[in-house]
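Observations on chain architecture
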Amino acid sequence: MCGIVGYIGGREATDVVLNGLQRLEYRGYDSAGIAVYDPDAGLQLRRSVGKLINLQQRVQADPPRGRVGIGHTRWATHGGVTEQNAHPHRDASGTIVVIQNGIVENYLNLKGRLIELGYQFESQTDTEVIAKLIGHYYHEQRDLVAATRQALQELRGGNAVVAFCIHEPDTLVAARLGNAGGIAIGLGDNEQFIASDIPAILDYTRNLIFLEDHDIAVVRRDEVTITRLDGTSVTRTVHSIAWDPVAAAKGDYRHFMHKEIDEQPRALMDVLRGRIDQERGLITLEDLRLDDQDLRRVRRIYAIACGTAWHAALVAKFMIENLARVRVEVDYASEFRYRQPILQSNGERDALILTFTQSGETVDTLAGMEEARRQGVPSVAIVNAIGSQAARLADGGPIYLHAGPEIGVASTKAFTSMLVAGYLFALRLAQAHGTLTPAQIREHIQALVELPGKAAQVIEQVTPVCIELAERYYRVSNALFLGRQINYPIALEGALKLKEISYIHAEGYPAGEMKHGPIALIDEGMPVVCLATRDHIYEKMVSNVEQVRARHGQVIAIGHEGDELLAAKANHFIGVPATLPLLQPVLNVIPLQIFAYHVAVLRGCDVDQPRNLAKSVTVE
């Protein structure tokens, strides 16, 4: 959630840090701060609550100068939203500053011990405990790296920490403990950058190092050295990132979410690139470390995810079970990690963890992967963020989406890319298990190849209809979304999109269960979105539409183009192109995204940064 940026080099640190924080606004935050050091001006600290513009105005009125600095956008955990609780925090001497992402689970014990030693605290945050603790050990050792190392060894919980001391102005120290969020080190020419997420520093460098759990990086203008928490030296791979900084800018779009909806045809093409062989009817997943023999052993898959990614996992269950005939269980990662799952039975080694995560830094998902590793079960991560923790934890390998930066909190292009990546994995499993012949796989590949063009067709054709529907229904207080089988997760996703960005209460429900409760909610003021594209349960969905109409509900039906029967039975009809039934959700969800977006705009909501939400949930 929280954003971290650091810089050391020849530029004005304030400019670099504020630009980086601006790139990270999408992560969600409630306050921001910056600390910059100059030998003549000393340590200069600026903090403010609210949007980043408040900090920028304060900096403009009194600009801090210096060639080394750190900045932070905070999402409150310990302590309220106040300037005193905003980062950076200082040690007792005022010479060491710290920013942090995560939660210090034992901060009360540490704080109590420090108070007994005579330390006083200015905030209610756990981060100040880290600053005071580092300062305590620095007073004894006069070595920032050693003091930070000793302090971090006492912390419990996941934490990403960056610190510097005015007595060692040529050094930044960055560390990662657990799964609190990423730390990337950007390598420049006689300058270095630190960030919690890639977009923050892409304007300056494409060469990045990603810290692993228990890594400490000593960052100086001309070098970066990394050791483990115990002091052991280690070498980390330098990744070359191809993302263009322009891709993280809105351009002519009013909101990132609108831009990312429109980027879906391109994103769907990118997730397919280099992975399909139409001539031979083969699927090649370049980063997958499991060969045919490994995949043939897989008889049970545990799919774990959170939020929108969980809906993608539900869709993937239908794909994998239908195509590869491998059983799939789907868990919320936040529940999975606490239910003591039994992943292996009778000594068989036939299980696999399949995770879905846009950021690759969701704490519950990472904890589930670690539990799988503890039980000796390999994991595969369907993930967008290159070099993220999930990608590195996935001993079975990542399946990268290659969707590019997704800035809007409400996932759109990453979701549809996950569906296609899940489909590719299902085909790869089917290929290994022999449940599909190359000729059959060619038919699926052909449908995949046609999908980006059909997605573009949906966006072009349904947008005017969705705008009209948004103008009609944006004042409602409740909405119901119905779907069956593989379109039930799409009903859940449509409801989530509407509620998270427009703040309208919306519920997704399996249409076959409508009579078991939700039908009581239906009246003439209730819009009911029904996903009724033609498949093996089409007639049953038409029956559900008739039941809603009989109770005067306002039916918004999504069906195949030219479906006159469905159009006649609904109040409003949205037509989408037909594709294979297991791929149809990719097209069906796009009108729901567009509808939710325009409803939120008409209601005056902050579309890209909905209240109380963050892009990446890195703490519980």
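Small disclaimer: the values here were computed from a predicted structure and weren't measured.

Things to note about the overall build of the chain
Counting its regular elements, the chain contains 18 helices and 27 strands. Its C-alpha atoms give the chain a radius of gyration of 25 Å, within 12% of the compact-globule value 25 Å for 620 residues. Considering only C-alpha atoms, the chain reaches an extent of 80 × 55 × 45 Å along its principal axes. Restricting to contacts in the chain with at least 6 residues of sequence separation, those with at least 24 account for 72%.

Some remarks on the pairing of strand β13 (residues 223-228)
In this sheet, β13 lies alongside strand β12 (residues 215-220) in antiparallel orientation, the contact comprising six bridges. When the sheet's bridge partners are listed, Arg 220 is paired in β13 with Glu 223. Taking the residues between adjacent antiparallel strands as the criterion, β12 and β13 are bridged by two residues. Alignment of β13 against strand β14 (residues 233-234), held across two bridges, turns out to be antiparallel. Pairing of Thr 227 across the sheet is with Ser 233, part of β14. Linking β13 back to β14 in an antiparallel pair, the connection comprises four residues, with Gly 231 at a positive phi of about 95°.

Concerning the sheet that holds strand β23 (residues 478-483)
Across the sheet, which stays open at both edges, the five strands sit in the order β24-β23-β25-β26-β27 with parallel pairing between neighbours. Strands with a single pairing partner mark the edges of an open sheet, and in this sheet they are β24 (505-510) and β27 (572-576). Within the sheet, the average angular offset between the axes of one strand and its neighbour, ignoring direction, is 20°. Strand direction decides the pairing type here: β23 and strand β25 (residues 527-531), joined by three bridges, are parallel.

Overview of the packing of aromatic side chains
With the rule as written, the count across this model stands at three aromatic pairs. Taken together, a centroid distance of 5.1 Å and an interplanar angle of 15° make the contact between Phe 193 and Tyr 204 stacked. Of this pair, Phe 193 sits in strand β10 (residues 192-195) while Tyr 204 is found in the loop between β10 and β11 (207-210), placing the two residues 11 residues apart along the sequence. Judged by its relative accessible area of 0%, Phe 193 falls in the buried class. Overall, the relative accessible area of 21% leaves Tyr 204 in the partly exposed class. Considering the side-chain rings of Trp 310 and Tyr 332, the 3.9 Å spacing of their centres and the 15° angle between planes classify their relative orientation as stacked. Highlighted residues: Trp 310 in helix α9 (residues 308-323) and Tyr 332 in strand β19 (residues 327-332), separated in sequence by 22 residues.

A few points about the nonpolar core
Counting 101 residues, the largest nonpolar core has Ile 301, Ile 320, Phe 356, Phe 425, Phe 481 and Leu 498 as the members making the most contacts within it. The element that contributes the greatest number of residues to this core is helix α13 (residues 413-433), accounting for 14 residues. Not counting residues within four places of it along the chain, the set of residues in contact with Phe 481 comprises Ala 491, Gly 494, Ala 495, Leu 498, Ala 506, Glu 507, Gly 508, Tyr 509, Val 529 and Leu 592. Counting 30 residues, the second largest nonpolar core, distinct from the first, contains Ala 131, Val 145, Val 161 and Val 218.

Examining helix α15 (residues 488-502)
Helix length check: α15 (15 residues) gives 21 Å between terminal C-alpha atoms against 21 Å at 1.5 Å per residue, within 8%. The buried fraction of α15 amounts to 13 of the 15 residues, a majority that puts the element mostly inside the structure. Looking at the residues trailing α15, positive phi occurs at Tyr 503, about 70°.

Some words on the side chain of Ser 417
Position of Ser 417 among the secondary structure elements: in helix α13. Setting aside anything within four residues of it in sequence, one finds Ser 417 in contact with Ala 267, Leu 268, Val 271, Leu 401 and Ala 403.

Some remarks on the packing of helix α3 (residues 107-116) against helix α4 (residues 127-141)
It is the contact of α3 with α4, at a shortest axis distance of 10 Å, that shows an interaxial angle of 45°. Here α4 runs oblique to α3, going by the angle between their axes. For the pair α3 and α4, the sense of crossing is left-handed. Mapping the contact onto sequence places Tyr 107, Leu 110, Lys 111, Arg 113 and Leu 114 in α3 and Val 129, Lys 132, Leu 133 and Tyr 137 in α4. Of the residues that constitute the contact of α3 with α4, the class distribution is six nonpolar, no polar and three charged.

Section: the sheet that holds strand β1 (residues 3-8)
Read across the open sheet, the eight strands follow the order β3-β2-β4-β1-β10-β9-β11-β15; overall the sheet is antiparallel. Of all the strands in the sheet, just β3 (42-49) and β15 (238-240) have a single pairing partner and so form its edges. Averaged over all pairs of adjacent strands, the angle between their axes in this sheet comes to 20°, without regard to strand direction. Contacts from helix α2 (residues 52-61) reach β2 (31-38) and β3, with the element oriented near 145° to β3.

Considerations on the packing of α4 against helix α5 (residues 144-152)
Two numbers describe how α4 lies on α5: the axes approach to 8 Å, and their chain directions differ by 135°. Taken together, the axes of α4 and α5 are oblique relative to one another. Between α4 and α5 lies a crossing of right-handed hand. Side by side, α4 and α5 meet where Leu 133, Ile 134, Tyr 137, Tyr 138 and Gln 141 of the first sit next to Leu 144, Ala 146, Ala 147, Thr 148, Gln 150 and Ala 151 of the second. The class makeup of the residues in the contact of α4 with α5 is eight nonpolar, three polar and no charged.

Observations concerning unusual backbone geometry
Excluding glycine, residues mostly have negative phi values, and the peptide bonds linking residues are mostly trans. That bond from His 87 to Pro 88 is cis: its omega, 0°, falls within 30 degrees of zero. Summarising the element assignment, Pro 88 is placed in the loop between β4 (68-74) and β5 (89-90). Despite not being glycine, Arg 325 has its phi angle at roughly 60°, a positive value. Here Arg 325 lies in the loop between α9 and β19. For Arg 325, a relative accessible area of 61% translates into the label exposed.

Some thoughts on the pairing of β4
Judged by how many residues are buried, β4 sits mostly within the fold: seven of seven residues are covered. Direction of pairing for β2 relative to β4: antiparallel, over a ladder of seven bridges. By the bridge assignment for β4, Tyr 37 is matched with Val 68.

Brief notes about the state of the cysteines
On inspection of all chains with the given rule, the structure shows zero disulfides. Looking at Cys 466, it has no disulfide partner, and the nearest cysteine sulfur is the one in Cys 530, 15 Å off. When its relative accessible area of 0% is taken as the criterion, Cys 466 is described as buried.

Looking at the pattern of salt bridges
Between side chains of opposite charge, a pair can form when the charged atoms approach closely. One pass over the structure, following the stated rule, counts 32 salt bridges. For the salt bridge of Arg 11 with Glu 191, the shortest nitrogen-to-oxygen distance reads 2.8 Å. Separated by 180 residues along the polypeptide, Arg 11 in the loop between β1 and α1 (13-23) and Glu 191 in the loop between β9 (184-187) and β10 bring together distant segments of the chain. Taking the relative accessible area as the measure of exposure, Glu 191 reaches 9% and is therefore buried. Between Arg 273 and Asp 270 there is a salt bridge, and its shortest N-O distance comes to 2.5 Å. Connected through salt bridges with shared partners, the residues Lys 259, Glu 263, Arg 266, Asp 270, Arg 273 and Lys 413 form a single ionic network.

So, how was this worked out
Along each chain, numbering runs from 1 in the same order as the chain's sequence is written. For this predicted model, a pLDDT threshold of at least 70 governs which residues receive local features, and a threshold of 80 or more governs which side-chain atom pairs are given and counted, while totals over whole chains, interfaces and linings are taken from all residues. Hydrogens and water are ignored here; the side-chain numbers use all heavy atoms of the structure. Numbering of helices and strands runs from the N terminus, with a helix taken as a DSSP run of H or I at least four residues long and a strand as a DSSP run of E at least two residues long. Only the C-alpha atoms count toward the radius of gyration. The rule for a globule is 2.2 Å times the residue count to the power 0.38. Contacts are assigned to residue pairs with any non-hydrogen atoms lying within 4.5 Å of each other. Pairs of strands are assigned from DSSP output, requiring at least two bridges between the strands. For every element, the axis is a line fit to its C-alpha atoms; helices are fit only across the contacting stretch, and the angle between N-to-C directions ranges from 0 to 180 degrees. Any Phe, Tyr or Trp ring, taking Trp's six-membered ring, that has another such ring centre within 6.5 Å forms a pair; planes under 30 degrees apart are called stacked, those over 60 apart edge-to-face, and the others tilted. The classification of residues rests on relative accessible area computed with a 1.4 Å probe and restricted to protein chains. Under 20% of the type maximum is buried, over 50% is exposed, and intermediate values are partly exposed. The nonpolar core is taken to be a set of buried Ala, Val, Leu, Ile, Met, Phe, Trp, Tyr and Cys residues, with the residues joined through side-chain atoms within 4.5 Å. Any helix carries an expected span of 1.5 Å times its number of residues minus one. Here the angle decides the label: under 35 degrees means roughly parallel, over 145 means roughly antiparallel, 65 to 115 means roughly perpendicular, and every other value means oblique. Note: crossing handedness is left-handed where the near helix turns anticlockwise from the far helix by less than a right angle, and right-handed where it turns clockwise. Classification used: nonpolar for Ala, Val, Leu, Ile, Met, Phe, Trp, Tyr, Cys and Pro, charged for Asp, Glu, Lys and Arg, polar for all others including Gly. When two cysteine sulfur atoms are found within 2.5 Å, that pair is recorded as a disulfide. Any Lys or Arg side-chain nitrogen found within 4 Å of a carboxyl oxygen on Asp or Glu counts as a salt bridge.

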